Amino acid sequence: MSTPRMPAPHDVTTVSYDVDVAQARWQKSSYSGGANDCVEVAALGDHAAVRDSKDISRGPLLFSKPAMRALVSGIAGG
(Lines give C-alpha, C1' and ligand atoms only; values in the text may rest on other atoms or scores of the structure.)
Protein backbone atom coordinates (compact mmCIF):
# COMPACT_ATOMS: atom_id res chain seq x y z
CA MET A 1 0.00 0.00 0.00
CA SER A 2 1.45 3.36 -0.99
CA THR A 3 1.20 6.59 0.93
CA PRO A 4 -0.64 9.37 -0.94
CA ARG A 5 1.73 12.00 -2.26
CA MET A 6 1.30 15.34 -0.53
CA PRO A 7 1.93 18.27 -2.87
CA ALA A 8 4.98 20.34 -2.08
CA PRO A 9 4.29 24.00 -1.24
CA HIS A 10 5.85 24.97 -4.58
CA ASP A 11 3.85 22.55 -6.78
CA VAL A 12 2.03 24.15 -9.66
CA THR A 13 -0.92 21.85 -8.94
CA THR A 14 -1.58 23.52 -5.58
CA VAL A 15 -2.24 26.91 -7.21
CA SER A 16 -5.81 28.13 -7.24
CA TYR A 17 -7.13 28.34 -10.79
CA ASP A 18 -9.66 31.07 -10.03
CA VAL A 19 -7.04 33.77 -10.64
CA ASP A 20 -8.24 36.38 -13.15
CA VAL A 21 -5.72 36.70 -15.98
CA ALA A 22 -7.92 38.97 -18.12
CA GLN A 23 -6.16 42.12 -16.88
CA ALA A 24 -2.67 40.61 -16.78
CA ARG A 25 0.22 42.74 -18.02
CA TRP A 26 2.32 40.26 -19.95
CA GLN A 27 6.07 40.77 -20.25
CA LYS A 28 8.38 39.10 -22.74
CA SER A 29 12.08 38.63 -22.21
CA SER A 30 14.34 41.23 -23.79
CA TYR A 31 16.31 38.24 -25.12
CA SER A 32 13.40 37.14 -27.33
CA GLY A 33 14.58 39.30 -30.22
CA GLY A 34 11.03 40.34 -31.11
CA ALA A 35 10.06 36.98 -32.58
CA ASN A 36 7.03 35.23 -31.14
CA ASP A 37 9.05 32.28 -29.89
CA CYS A 38 9.34 33.05 -26.23
CA VAL A 39 7.38 32.75 -23.03
CA GLU A 40 5.62 35.68 -21.41
CA VAL A 41 5.23 36.24 -17.67
CA ALA A 42 2.65 38.23 -15.72
CA ALA A 43 2.60 39.04 -12.00
CA LEU A 44 -0.86 38.43 -10.51
CA GLY A 45 -0.80 39.34 -6.83
CA ASP A 46 0.13 36.15 -4.97
CA HIS A 47 0.57 34.28 -8.25
CA ALA A 48 2.53 34.46 -11.48
CA ALA A 49 1.37 33.28 -14.88
CA VAL A 50 3.48 31.98 -17.75
CA ARG A 51 2.23 31.53 -21.31
CA ASP A 52 3.58 30.57 -24.72
CA SER A 53 3.82 33.68 -26.89
CA LYS A 54 3.35 31.55 -30.04
CA ASP A 55 -0.08 30.35 -28.90
CA ILE A 56 -1.67 32.64 -26.33
CA SER A 57 -5.06 30.99 -26.92
CA ARG A 58 -3.83 28.13 -24.72
CA GLY A 59 -4.28 28.92 -21.08
CA PRO A 60 -1.32 30.10 -19.02
CA LEU A 61 0.37 28.05 -16.34
CA LEU A 62 -0.30 29.54 -12.92
CA PHE A 63 2.31 29.41 -10.18
CA SER A 64 2.36 30.58 -6.60
CA LYS A 65 5.05 33.20 -5.99
CA PRO A 66 7.24 30.65 -4.12
CA ALA A 67 6.87 28.21 -7.02
CA MET A 68 7.86 30.88 -9.52
CA ARG A 69 10.92 31.80 -7.46
CA ALA A 70 11.89 28.11 -7.31
CA LEU A 71 11.44 27.78 -11.08
CA VAL A 72 13.56 30.83 -11.90
CA SER A 73 16.19 29.83 -9.36
CA GLY A 74 16.36 26.33 -10.82
CA ILE A 75 16.72 27.66 -14.35
CA ALA A 76 19.39 30.16 -13.33
CA GLY A 77 21.27 27.47 -11.41
CA GLY A 78 21.34 25.16 -14.40
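Details of the structure are given in the entry above.
Residues numbered from 1 in each chain as written. Predicted model: local features only at pLDDT ≥ 70, side-chain atom pairs only at ≥ 80, totals over all residues. Heavy atoms only, no water.

J.: Before we go on, may I ask you to explain the overall build of the protein in this structure?
T.: Of regular secondary structure, the protein possesses 1 helix and 4 strands. What you see in the protein, going N to C, is helices and strands ordered as β-β-β-β-α. Classification of the 78 residues of the protein by burial places 24% in the buried group. Counting every atom, the protein has about 5900 Å² of accessible surface; 55% of that belongs to carbon and sulfur. (Helix = DSSP H or I, 4+ residues; strand = E, 2+ residues; numbered from the N terminus. Buried < 20%, exposed > 50% of the residue type's maximum accessible area, 1.4 Å probe, protein only. Areas by Shrake-Rupley, 256 points an atom, 1.4 Å probe, with all protein chains shown as cover.)

J.: Looking at this structure, I do not really get a nonpolar patch on the surface. What am I missing?
T.: Taken together, the side chains of Leu71, Val72 and Ile75 present a nonpolar region at the surface, about 270 Å² in accessible area. Structurally, Leu71 is set in helix α1 (residues 65-76). According to the relative accessible area criterion, Leu71 is partly exposed, its value standing at 33%. (Patch = residues over 30% accessible without salt bridge, like charges linked within 9 Å, V, L, I, M, F, W, Y side chains within 5 Å. Salt bridge = Lys/Arg side-chain N within 4 Å of Asp/Glu carboxyl O.)

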